[in-house]
Amino acid sequence: MEKMMTSVFLFSANHFSRKTDRSHTDLLLYEFYDKIICMKNITLEAAPMEGITNYIFRNLHHKYFGGADCYFSPFIGIYSNNNVKRRDLCDIYPENNSGIRLVPQVLTNRAENFIWIFKKLREFGYEEINLNLGCPSGTVTAKGRGAGFLIYPDKLEEFFDQVFDALGDEAKLISVKTRIGFSNPSEMERLTEIYNKFPFKELIIHPRVREEYYNGSPHLDTFEKALNASTVPVCYNGNIFNLNDYNQITIGFHNLSGVMIGRGLLADPSLARQIKGGKAMTIDELRTFINELEAAYTEHLKSERNVLFKMKELWTYLARNFSGGDRYIKKLLKAKTLTEYRVQKNLILNDDMI
Ligand SMILES: Cc1cc2nc3c(=O)[nH]c(=O)nc-3n(C[C@H](O)[C@H](O)[C@H](O)COP(=O)(O)O)c2cc1C
């Protein structure tokens, strides 16, 4: 709480010169009050990260750090004849996610496939089912899925017409995770028109176009327009790496229903907890988390190579915390065996570098 108040204070002080119509004290009180109100209503959502935030990761994150109100599953792809990969199904089985509020995410551009899986996921008891309209990967967009669906707004509208007709009132449990366009942020105007036609549970906006992947600054101006025009609850997603980033977004944009965090939560798994007023990550906590994750992957994955790959991938994000340990991190990322990996991991985690 103390940290949050400090950053709210700093933020207010930074921005005071721009808002000359209120007294300084009024402004600080206003923004502090606003922050407290926002805190009550904003849902903290752990972003889907394919290959990383699987059920093993989610369970351990929830156990050791918490703070996230819900977790989104990486996308479940649907193939011909309503085929779904066994691994994707296993990831969202309720017994693998007990005690966690999970939102399964689906990647498709065919209404009949979406309707089919929506019903299956409802049978599993899920209260929200998310559609991926943001994946930038070439193999996905080439098939008109993910961010590739945004190129065809008329088809997208038809897709939702069919889905809402078929699912009736149940369709209110659908949320959408969208980019602001495929190649130009101006595409968001037409997309907003479409999204406003349907009573989605939530619209999660990542304010980048597909061609930007995850690079550069989010287009906050386009986000603001979309937020103001939206008739459904809006969640912000993009570049929240610390408390200050979170405060800037939640103070800058009123009426957010949620904030979704991806890479920031991988780099600092305690970020959501800190936003809720909890403590920052300690090196002991991280060590326990990392070691238990490695043990769980060793138990579940077939080969040492896969375990090594998974751990190294997570370390590409965690590395942000260890600027002092650069050379160990570089060696860790080059490790060819789990034994080599463990040597470097221990060197990093035994030094108090956070
Ligand atoms: C490795 C990786 C995998 C991702 N997988 C998914 C996914 O399965 N579904 C999805 O909607 N977004 C996916 N994303 C996008 C994230 O959910 C999030 O929108 C993006 O990282 C921006 O948020 P951030 O700045 O908080 O990280 C992925 C991003 C990365 C980097």
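Definitions and limits used
Residues numbered from 1 in each chain as written. Predicted model: local features only at pLDDT ≥ 70, side-chain atom pairs only at ≥ 80, totals over all residues. Heavy atoms only, no water. Helix = DSSP H or I, 4+ residues; strand = E, 2+ residues; numbered from the N terminus. Buried < 20%, exposed > 50% of the residue type's maximum accessible area, 1.4 Å probe, protein only. Contact = heavy atoms within 4.5 Å. Pairing = 2+ DSSP bridges. Axes fitted to C-alpha atoms, helices over the stretch in contact; angles between N-to-C directions. Phe/Tyr/Trp six-rings, centres within 6.5 Å; stacked < 30°, edge-to-face > 60°. Right-handed = clockwise from strand over helix to strand, strands pointing away. Core = buried A, V, L, I, M, F, W, Y, C linked by side-chain atoms within 4.5 Å. UniProt positions renumbered as here; feature names shortened; annotations may be inferred. 1 Å grid on protein atoms, 1.4 Å probe; cavity = no way out; pocket = protein on both sides within 12 Å on 5 of 7 lines; lining within 4 Å. Points joined across faces, edges and corners; volume = space filled by probe spheres on them. Nonpolar A, V, L, I, M, F, W, Y, C, P; charged D, E, K, R; others polar.

What's the story with the side chain of His206 in this structure? I'm lost.
As for its position among the elements, His206 is in strand β8 (residues 202–206). Exposure remark for His206: the relative accessible area of 5% places this residue in the buried category. Among all residues touching His206, those that are not within four sequence positions of it are Thr178, Arg179, Ile180, Tyr213, Tyr214, Asn237 and Gly238.

Which parts of the structure should I look at to understand the sheet that holds strand β1 (residues 43–46)?
Within a sheet, neighbouring strands are paired by backbone hydrogen bonds and run either parallel or antiparallel to one another. On the basis of which strands lie adjacent, the open sheet formed by 10 strands has the order β3-β5-β6-β7-β8-β9-β10-β1-β2-β4 and parallel pairing. The sheet is open, and its two borders are formed by β3 (76–77) and β4 (102–103), each paired with just one other strand. Across 5 bridges, strand β6 (residues 129–133) lies against strand β7 (residues 174–179) in parallel orientation. Looking at the pairing, Leu131 lines up with Val176 of β7. Contacts from helix α8 (residues 188–195) reach β6, β7 and β8 within the one sheet, and its direction differs from that of β7 by about 180°.

Teacher, can you tell me more about the packing of aromatic side chains here?
Each aromatic ring pair is summarised here by two numbers: the centre-to-centre distance and the angle between the ring planes. The tally for this structure, following the rule as stated, stands at 15 aromatic pairs. Note on Phe65 and Phe289: the rings are 5.2 Å apart at their centroids and 80° apart in plane angle, and the pair reads as edge-to-face. Of this pair, Phe65 sits in the loop between α3 (55–64) and β2 (70–72) while Phe289 sits in helix α13 (residues 283–300), and the two are 224 residues apart along the sequence. For the pair Phe65 and Phe289, a shared accessibility class is recorded, and that class is buried. Taking 5.0 Å as the distance between ring centres and 70° as the angle between the ring planes, the aromatic pair formed by Phe160 and Phe200 counts as edge-to-face.

Can you walk me through the pairing of β8 in this structure?
In the case of a regular strand, side chains alternate between the two sheet surfaces. Judged by how many residues are buried, β8 sits mostly within the fold: 5 of 5 residues are covered. Residues of β8 alternate between two faces, with Glu202, Ile204 and His206 on one and Leu203 and Ile205 on the opposite face, all of them buried. Considered for its hand, the β-α-β crossover made up of β7, α8 and β8 is right-handed. Examined bridge by bridge, β8 and strand β9 (residues 234–237) share 3 bridges and lie parallel to one another. Bridging from a neighbouring strand, Leu203 pairs with Val234 of β9. The parallel pair β8 and β9 is bridged by helix α9 (residues 220–229), and the resulting crossover is right-handed.

What am I meant to see in the nonpolar core here?
Buried together is how nonpolar side chains tend to be arranged in soluble globular proteins. The biggest cluster of nonpolar side chains holds 62 residues, and the ones touching the most others in it are Phe114, Leu133, Phe160, Val163, Ile174, Tyr195 and Phe200. The contacts of Phe160, once residues within four sequence positions are left out, are Leu131, Leu133, Val176, Ile194, Tyr195, Phe198 and Phe200. Core analysis: the next-biggest nonpolar cluster, separate from the first, contains 32 residues, Ile290, Leu293, Leu308 and Trp315 among them.

So what exactly am I meant to see when it comes to the UniProt feature "active site" (unreviewed entry) in the protein here?
The residues that UniProt annotates with the feature "active site" (unreviewed entry) are Cys135. Assignment of secondary structure puts Cys135 in the loop between β6 and α6 (138–141). If sequence neighbours within four positions are ignored, Cys135 has contacts with Phe75, Leu107, Val140, Thr141, Arg145, Gly146, Ala147 and Gly148.

What am I meant to see in empty space enclosed by the protein here?
Following the criterion strictly, the structure yields 3 cavities of 30 Å³ or more and no others. Looking at the largest cavity, its volume works out to about 90 Å³. Taken together, 13 residues line the largest cavity, and the ones lying closest to its centre are Ala46, Ala47, Thr53, Phe57 and Leu265. Contributions of two or more residues to the lining of the largest cavity are made by α3, β2 and α11 (263–267). The greatest single-element share of the lining of the largest cavity, amounting to 3 residues, is contributed by α3. A per-class count over the lining of the largest cavity returns 9 nonpolar, 3 polar and 1 charged.

Would you mind going over the UniProt feature "binding site: FMN" (unreviewed entry) in the protein with me for this structure?
With numbering matched to this structure, UniProt assigns "binding site: FMN" (unreviewed entry) to Gln105, Lys177, His206, Gly262 and Arg263. Restricting the annotated residues just mentioned to those that line the largest cavity leaves Gly262. Non-local contacts of Gly262, meaning those with residues more than four positions away in its chain, are made with Ala47 and Met49.

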